[in-house]
Amino acid sequence: MSIKRSVSVYDLGLTRYSDVHRLQQRLQEQRRGGDGVDSLLLTEHRPVFTLGRSHPEPNLRVQDEVVREQGIEVVQTERGGDITYHGPGQLVAYGIIDLRNWDLGVVDYVAALETTMIAVLADWGVWGDRRDDARGVWVEGRKIGSVGLHVRRFVSMHGAALNVEPNMDHIGLMNPCGIADAEMTSLAAEVDQPVSLSEVSQSFVFHFARVLDCEAEMVSLDQMAQAASG
């Protein structure tokens, strides 16, 4: 019997990382308890470096003082992976999904997020691929998309981040994935022109639904607030 999958999509706009992190935790707790629905949160964050659970020391290319002077927060998280940057001009997609109900393993879901980002890049004529030694999406050896998850009792949180047109000087302050010689890029840099983050968001939702064979429904923020408080 085929499994009917559906996901409610919420566009949060520009947010503080800590606010959306708390929202994810609440939605994950509800989903683990059998309440709520599978959700996909789309956002841009104010500048922040987030650290994976196994990497509490920020893997930076500069002194901590430089990061503070730039006004970039540093936040410890429970997701996998190493240091990651989030900021305006980057699409971040957090899936709060009961993977068991979707008949998905964690690795399957990570691969689906990578496939989704690769398909988004293809819509702009950019060839993205994977690397055997590091999760995420790469363009000719330059990293453009990141993936990191936290899964508890089969329910995921955190997700994927795709560089559309972020502040590359901020990104250059860290060692992506903890790899000292890794170079980052963005979709705007690869196509050498401005790119609409709104259009990239629409492309991401379309391909997420296609890759994961689910129905994706855009939901208003008022409905999201009701769901989160339920």
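The structure reproduced in this document is the subject of the present report. Computed from a prediction, not measured in an experiment: that's the story for all the values here.

Calculation criteria
Residues numbered from 1 in each chain as written. Predicted model: local features only at pLDDT ≥ 70, side-chain atom pairs only at ≥ 80, totals over all residues. Heavy atoms only, no water. Phe/Tyr/Trp six-rings, centres within 6.5 Å; stacked < 30°, edge-to-face > 60°. Helix = DSSP H or I, 4+ residues; strand = E, 2+ residues; numbered from the N terminus. Buried < 20%, exposed > 50% of the residue type's maximum accessible area, 1.4 Å probe, protein only. Lys NZ or Arg CZ within 6 Å of the ring centre and 35° of its normal. Contact = heavy atoms within 4.5 Å. Expected span 1.5 Å × (residues − 1). 1 Å grid on protein atoms, 1.4 Å probe; cavity = no way out; pocket = protein on both sides within 12 Å on 5 of 7 lines; lining within 4 Å. Points joined across faces, edges and corners; volume = space filled by probe spheres on them. Pairing = 2+ DSSP bridges. Axes fitted to C-alpha atoms, helices over the stretch in contact; angles between N-to-C directions.

## Details of the packing of aromatic side chains
This structure, assessed with the given rule, holds two aromatic pairs. On the basis of an interplanar angle of 25° and a centroid distance of 6.2 Å, the ring pair of F204 and F208 is categorised as stacked. Highlighted residues: F204 and F208, both in helix α6 (residues 197-211), separated by four residues, approximately one helical turn. Looking at F204, the relative accessible area reads 1%, which means it is buried. Sitting over the face of the ring of W138, R131 holds its NZ or CZ atom 4.1 Å from the ring centroid.

## Notes on the side chain of Q24
Tracing the sequence through the fold places Q24 in helix α1 (residues 17-32). On the basis of relative accessibility, which here comes to 0%, the residue Q24 falls in the buried class. In contact with Q24, other than residues within four places in its own chain, are L41, Y94, I96, M157 and H158.

## Some thoughts on helix α3 (residues 106-123)
Under the 1.5 Å per step criterion, the end-to-end length of α3 is 26 Å for 18 residues, consistent within 8% with the ideal 26 Å. Within α3 the residues assigned to the buried category are Y109, V110, A112, L113, E114, T116, M117, I118, A119, V120 and L121. Two residues or fewer past α3, G125 is found with a positive phi of approximately 75°.

## Digging into empty space enclosed by the protein
This structure, assessed with the given rule, holds two cavities of 30 Å³ or more. When its volume is computed, the largest cavity comes out at roughly 60 Å³. What lines the largest cavity is I83, T84, Y85, Q90, K143, S146, N163, I171, M174, P176, C177 and M184. At the level of secondary structure, the elements contributing two or more residues to the lining of the largest cavity comprise β5 (84-86) and β9 (142-152).

## What to know about the pairing of β9
The side chains of a regular strand alternate, residue by residue, between the two faces of the sheet. For β9, the buried fraction is high: nine of the eleven residues fall into the buried class. Where strand β8 (residues 134-139) lies against β9, three bridges are found, and the strand directions are antiparallel. Each residue of the ladder has a partner; that of V137, found in β9, is G145. Alignment of β9 against strand β11 (residues 183-184), held across two bridges, turns out to be parallel. From the neighbouring strand, K143 faces β11, where its bridge partner is M184. Direction of pairing for β9 relative to strand β10 (residues 155-163): antiparallel, over a ladder of eight bridges. Within the sheet, the bridge partner assigned to L149 lies in β10 and is H158. Between β9 and the antiparallel strand that follows it, β10, lie two residues; R153 among them carries a positive phi value of about 50°.

## Thoughts on the sheet that holds strand β4 (residues 73-76)
One open sheet accounts for three strands, arranged β4-β3-β5; its pairing is mixed. Each edge of the open sheet carries a strand with a single partner, namely β4 and β5. Across the sheet, the axes of successive neighbouring strands diverge by a mean angle of 25°, strand direction being ignored. As defined by bridge partners, strand β3 (residues 48-51) adjoins β5 across three bridges and the pair is classed as antiparallel. Its bridge partner being in β5, F49 is matched across the sheet by Y85.

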